Amino acid sequence: MSDDIFQIAGKTYNSRLIVGTGKYQDFAQTREAVKASGAEIVTVAIRRVNIGQNAGEASLLDYLPPSEFTYLPNTAGCYTAEDAIRTLRLARELLDGHKLVKLEVLGDQHTLFPNVRETLKAAEVLVKDGFDVMVYTSDDPIIAKELQEIGCCAVMPLASLIGSGMGILNPWNLRLIIEQLSVPVLVDAGVGTASDATIALELGCDGILMNTAIAHAKDPVRMARAMKLAVEAGRESFLAGRMPKKLYSADPSSPVSGLIAASK
Ligand SMILES: CC(=O)[C@@H](O)[C@H](O)COP(=O)(O)O
């Protein structure tokens with residue numbers, strides 16, 4: 001049993017990878033990729049994916065049963081605090097009082113950047129209403145701290161724009177957020193490939209949330225496996241502690257003293 005515990009809202013998980021469930025060919029492929037990723041938490045856009053809202057249609061719940069996965073309903077597509085709150089209250093009804101949610105309130109359709117003013121407003125209401133709120137936000141350390149103070153159970157700054165696959169654009173801001181917060185910090189959005197995930201965990205992020213990098217890979221199931229390994233490698237590397245960086249100079253790998261003199 002590892003002593004490297006990853007907890008969200010008091011529950012322990014083995015995997016530090018949270019995956020989205022959108023953008024796949026069909027629910028069968030979603031399931032295969034999620035299984036390959038090793039993720040135990042799956043996030044679901046309540047406005048886009050059927051988990052019982054549309055009776056008579058295929059439901060994700062049949063492919064990813066809540067007995068096997070922790071659901072993280074999210075507010076993708078919401079542009080106001082009011083919309084986000086309403087959406088998560090609906091999710092709570094659909095999932096029998098479920099409390100763990102992902103809040104995202106978007107600023108505009110072009111960037112899908114978070115609207116932090118509306119995000120803060122919604123977070124206050126949802127926390128008071130008893131939700132465990134994992135919150136998508138910008139990589140601004142001041143806002144991240146405010147969200148923790150409001151009572152969010154995890155803060156999730158973007159690596160880069162949702163769906164862009166641009167990777168981590170500002171590792172320095174992420175470092176500031178990680179240093180200052182005591183709740184888990186997860187990178188959410190912008191991952192393009194497995195090395196991005198490794199870097200996020202190496203920086204000290206507690207976990208990572210991604211969707212497009214897996215769903216839009218040529219082989220989503222294989223990429224899901226790669227992400228699992230990348231997250232594990234990044235975490236191990238973080239815990240191992242990297243060798244100190246030096247000024248640009250070499251350091252021979254073999255000893256320099258006691259060398260046998262070369263014969264003439
Ligand atoms: C699934 C989800 O919640 C997305 O809104 C999330 O932000 C992931 O972004 P990527 O698709 O860039 O991984």
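Residues numbered from 1 in each chain as written. Predicted model: local features only at pLDDT ≥ 70, side-chain atom pairs only at ≥ 80, totals over all residues. Heavy atoms only, no water.

- The name an unreviewed UniProt entry gives the chain is Thiazole synthase, with Chitinilyticum piscinae as the organism.
- Taken directly from UniProt, the Subunit (unreviewed entry) text for the chain runs: "Homotetramer. Forms heterodimers with either ThiH or ThiS."
- Word for word, the UniProt comment on the chain under Function (unreviewed entry) is "Catalyzes the rearrangement of 1-deoxy-D-xylulose 5-phosphate (DXP) to produce the thiazole phosphate moiety of thiamine. Sulfur is provided by the thiocarboxylate moiety of the carrier protein ThiS. In vitro, sulfur can be provided by H(2)S." (UniProt positions renumbered as here; feature names shortened; annotations may be inferred.)

Side note on the nonpolar core
In step 1: Membership of the largest hydrophobic core comes to 65 residues, with the highest contact counts inside it found for L103, I208 and M227.
In step 2: In this view, M227 contacts L17, V191, T193, A194, A197, M210, A213 and I214; residues no more than four positions away in its chain are not counted.
In step 3: Among the nonpolar cores identified, the runner-up in size contains 13 residues, and I8, Y13, L72 and A154 belong to it. (Core = buried A, V, L, I, M, F, W, Y, C linked by side-chain atoms within 4.5 Å. Buried < 20%, exposed > 50% of the residue type's maximum accessible area, 1.4 Å probe, protein only. Contact = heavy atoms within 4.5 Å.)

Re the side chain of S59
In step 1: Residue placement: S59 occurs in the loop between β4 (41-45) and α2 (60-63).
In step 2: Given a relative accessible area of 10%, S59 falls into the buried group.
In step 3: Engagement of the side chain of S59 in a polar contact is seen with the backbone nitrogen of L61, the distance being 3.1 Å.
In step 4: The contacts of S59, once residues within four sequence positions are left out, are F27, N50, I51 and G52. (Helix = DSSP H or I, 4+ residues; strand = E, 2+ residues; numbered from the N terminus. Polar contact = N/O pair within 3.5 Å; in protein donor to acceptor, adjacent residues only side chain to side chain.)

Some details on the pattern of salt bridges
In step 1: A full pass over the atoms with the stated rule returns 14 salt bridges.
In step 2: In this structure, E82 and R86 form a salt bridge, with 3.9 Å as the shortest nitrogen-oxygen distance. With a gap of 4 residues between them, E82 and R86 both fall in helix α3 (residues 81-94), about one helical turn apart.
In step 3: Owing to a relative accessible area of 57%, E82 belongs among the exposed residues under this scheme. (Salt bridge = Lys/Arg side-chain N within 4 Å of Asp/Glu carboxyl O.)

Considering the UniProt feature "active site" (unreviewed entry) in the chain
In step 1: The UniProt entry lists K102 under the feature "active site" (unreviewed entry), expressed in the numbering used here.
In step 2: Here K102 shows up in strand β6 (residues 100-103).
In step 3: K102 gets classed as buried once you look at its relative accessible area, which sits at 4%.
In step 4: With residues near it in sequence (within four places) discarded, K102 still touches T43, L72, P73, N74, T75, L88, M134, Y136, M156, D188 and L209.
In step 5: Among the polar contacts listed, one links the side chain of K102 to the side chain of E104, at a separation of 2.8 Å.

Some points on the packing of helix α1 (residues 27-37) against helix α9 (residues 220-240)
In step 1: The contact between α1 and α9 brings their axes to 7 Å, and the two run at 25°. Considering their axes alone, α1 and α9 lie roughly parallel with respect to each other. Note that α1 runs across α9; the crossing there is right-handed. Contact residues: Q29, E32, A33, A36 and S37 in α1; P220, V221, A224, R225 and K228 in α9.
In step 2: Of the residues contributing to the contact of α1 with α9, the split by class is 5 nonpolar, 2 polar and 3 charged. (Axes fitted to C-alpha atoms, helices over the stretch in contact; angles between N-to-C directions. Parallel < 35°, antiparallel > 145°, perpendicular 65-115°, else oblique. Left-handed = near helix turned anticlockwise from the far one by under 90°. Nonpolar A, V, L, I, M, F, W, Y, C, P; charged D, E, K, R; others polar.)

Focus: the UniProt feature "domain: Thiazole synthase ThiG" (unreviewed entry) in the chain
In step 1: Per the UniProt record, "domain: Thiazole synthase ThiG" (unreviewed entry) is found at residues 7-255.
In step 2: The straight-line gap between the two end C-alpha atoms of residues 7-255 is 44 Å; of that span, 39% is helix and 16% is strand.

Here's the deal with the side chain of S160
In step 1: Checked against the element boundaries, S160 lands in the loop between β8 (154-157) and α6 (171-180).
In step 2: Of the residues examined, S160 reaches a relative accessible area of 2% and is grouped as buried.
In step 3: Among the polar contacts made by the side chain of S160, one reaches the main-chain carbonyl oxygen of G167 at a distance of 2.8 Å.
In step 4: Excluding residues within four positions of it along the chain, S160 makes contact with M166, G167, L169, A189 and G190.

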